[in-house]
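Each chain is listed here by its residues.
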Amino acid sequence: MSDHDVTALGYLEIGATDLDAWQRYATDVLNVACKEADDTLLIRYDDICWRLRIVPSAADDIIAAGFEVADEQSLAALEERLESLGFPAQRASSQQADARSVTALAITHDPFGLQIELYTGARSSSEPLSLPQPGNGYITGAQGLGHMVLTAADQAQAERFYMQGLGFRLSDHILLGPEGNQLQLTFLHCNPRHHTLALAPMPGPKRLHHIMLQVTSLDEVGHGLDRAVRSGVPVTSSLGKHTNDHMVSFYMRTPSGFDVEYGCGGLEIDDATWRTGTHYVTSFWGHRPPG
Ligand SMILES: [Fe+2]
């Protein structure tokens with residue numbers, strides 16, 4: 001653990017074929033603020049100007065992930081560390097940083113070609129947050145926007161970049177499947193949130209398996225589930241409780257085909273006392289596929 005490690009997942013850029021569907025999904029189902037800016041959508045759900053930027057693209061997948069660092073000194077140190085590992089980062093212009101609503105920005109790529117943006121100085125909005133429907137908002141702040149799960153064909157390479165490079169720490173593993181043919185999911189943290197990033201070594205149609213938004217209570221999760229069902233959004237995994245982070249959540253399909261996990265009650269990690277471990281099922285109960 002070093003002072004220069006990334007501290008949070010701050011924003012995601014997502015390429016989508018149907019921005020109108022995303023606007024309806026954000027407003028009617030997620031209950032987050034969504035505004036059009038040029039030909040993109042900016043999604044906001046806390047003080048930060050935006051957390052998700054949806055841009056027109058045939059990809060229907062993640063395009064870039066923004067990770068926060070503490071300050072300019074940390075950004076420079078992180079650039080040096082990534083360079084030494086063979087992942088050189090390019091310092092972005094002030095216009096590029098401005099477009100991301102941050103003061104300083106460096107851009108690199110993970111071993112699988114995903115654009116990784118390291119930044120400091122995220123801009124808060126001058127306007128109060130107004131959610132489209134009643135709600136208590138989201139758990140963000142020092143814990144960042146939530147978590148994301150990426151498919152990563154080569155686990156060793158992924159760990160080299162995200163752990164040695166960006167400074168993520170191991171939370172735990174989940175081993176699935178029969179002995180001798182097990183799939184190992186790796187859960188990593190960079191702040192108290194149990195995991196900010198999970199890596200699934202399976203070929204997927206998309207890089208992004210799901211993103212997780214954390215609300216403040218079980219009632220809020222229930223209201224989210226009601227909104228999904230009412231809007232005809234496919235619920236891909238029923239309400240359930242995860243074994244490793246204890247989150248109670250359900251999963252639903254986004255207009256881009258990957259999922260959103262909508263949950264509450266996630267564990268927080270204290271690095272001074274945390275013990276890594278291995279789980280053999282993903283959930284204590286629930287999280288069943290439809291039907
Ligand atoms: Fe998740």
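Residues numbered from 1 in each chain as written. Predicted model: local features only at pLDDT ≥ 70, side-chain atom pairs only at ≥ 80, totals over all residues. Heavy atoms only, no water.

A. Expanded view of the domain arrangement of the protein chain. Structurally, the protein chain comprises domain 1 (8-120) and domain 2 (141-286). Listed as interface residues are 40 residues of domain 1 and, on the opposing side, 39 residues of domain 2. Our enumeration of links across domain 1 and domain 2 arrives at 0 salt bridges. Applying the counting criterion to the domain 1 and domain 2 interface returns 14 residue pairs in polar contact (both at pLDDT 80 or more). Breaking the side of domain 1 that touches domain 2 down by element, the ones donating at least two residues are strand E1 (8-16), helix H1 (19-30), strand E5 (61-68), helix H2 (72-84), strand E7 (104-109) and strand E8 (115-120). Looking at which element gives the most residues to the side of domain 1 that touches domain 2, the answer is E1, with 8 residues. For the side of domain 1 that touches domain 2, a count of residues per class yields 27 nonpolar, 6 polar and 7 charged. (Domains from an automatic or database assignment. Contact = heavy atoms within 4.5 Å. Salt bridge = Lys/Arg side-chain N within 4 Å of Asp/Glu carboxyl O. Polar contact = N/O pair within 3.5 Å; in protein donor to acceptor, adjacent residues only side chain to side chain. Helix = DSSP H or I, 4+ residues; strand = E, 2+ residues; numbered from the N terminus. Nonpolar A, V, L, I, M, F, W, Y, C, P; charged D, E, K, R; others polar.)

B. Highlighting H2. For H2, with 13 residues, the first-to-last C-alpha span of 19 Å sits near the 18 Å given by 1.5 Å per residue. When we look at burial in H2, the residues that qualify are Ser74, Leu75, Leu78, Glu79 and Leu82. Projection of H2 onto a plane perpendicular to its axis shows the buried side chains occupying an angular sector of 140°, all on one side. What points out from H2, more than 90 degrees from its buried face, is the exposed set Gln73, Glu80, Glu83 and Ser84. Within two residues after H2, Gly86 carries a phi angle of roughly 90°, on the positive side. (Expected span 1.5 Å × (residues − 1). Buried < 20%, exposed > 50% of the residue type's maximum accessible area, 1.4 Å probe, protein only. Arc of directions from axis to C-beta.)

C. How the structure looks around the packing of aromatic side chains. On inspection of all chains with the given rule, the structure shows 11 aromatic pairs. Aromatic side chains Phe161 and Tyr162 sit 4.8 Å apart centroid to centroid with 90° between the ring planes, which places their arrangement in the edge-to-face category. Of the aromatic side chains, those joined through ring pairs into one cluster are Phe67, Phe87, Phe161, Tyr162 and Phe168. (Phe/Tyr/Trp six-rings, centres within 6.5 Å; stacked < 30°, edge-to-face > 60°.)

D. Molecular detail of the sheet that holds E1. With respect to topology, 8 strands assemble into an open sheet ordered E2-E3-E4-E1-E5-E8-E7-E6, the strand pairing being mixed. This sheet does not close on itself; its edge strands, each paired only once, are strand E2 (33-37) and strand E6 (90-91). Bridge analysis of E5 against E8 gives 5 bridges, and the strand direction is parallel. Of the residues in E8, the one forming a bridge with Phe67 is Leu118. Those strands touched by H1 are E1, E2, strand E3 (40-44) and strand E4 (52-56), and its axis lies near 15° from that of E3. Sheet strands in contact with H2 are E6, E7 and E8, and its direction is about 20° off that of E7. (Pairing = 2+ DSSP bridges. Axes fitted to C-alpha atoms, helices over the stretch in contact; angles between N-to-C directions.)

E. The arrangement of a nonpolar patch on the surface in detail. Taken together, Leu218, Leu239, Phe284 and Trp285 make up a surface patch of nonpolar side chains, about 400 Å² in accessible area. Inspection of the secondary structure assignment puts Leu218 in helix H5 (residues 218-230). (Patch = residues over 30% accessible without salt bridge, like charges linked within 9 Å, V, L, I, M, F, W, Y side chains within 5 Å. Areas by Shrake-Rupley, 256 points an atom, 1.4 Å probe, with all protein chains shown as cover.)

F. Structural view of the coordination of the iron ion. Listed as protein donors to the iron ion are His147 (NE2), His210 (NE2) and Glu261 (OE); their distances from the metal cover 2.0 to 2.1 Å. The sequence pattern describing where the donors of the iron ion fall on their chain is H-x62-H-x50-E. Here His210 is found in strand E13 (residues 208-214), whereas its partner Glu261 is found in strand E16 (residues 259-264), with 51 residues between them in sequence. Judged by relative accessible area, which is 1%, Glu261 ranks as buried. (Donors = N, O, S within 2.8 Å, 3.2 Å for Na, K, Ca; no water.)

G. Spatial organisation of helix H4 (residues 155-165). For H4, the set of buried residues is Gln155, Ala158, Phe161, Tyr162 and Gly165. Seen end-on, H4 carries its buried residues on one side only, within an arc spanning 165°. For H4, the N-terminal capping position is held by Asp154, with its side-chain oxygen 3.1 Å away from the main-chain nitrogen of Ala156. Positive backbone phi, approximately 95°, marks Gly167, located one or two places after H4.

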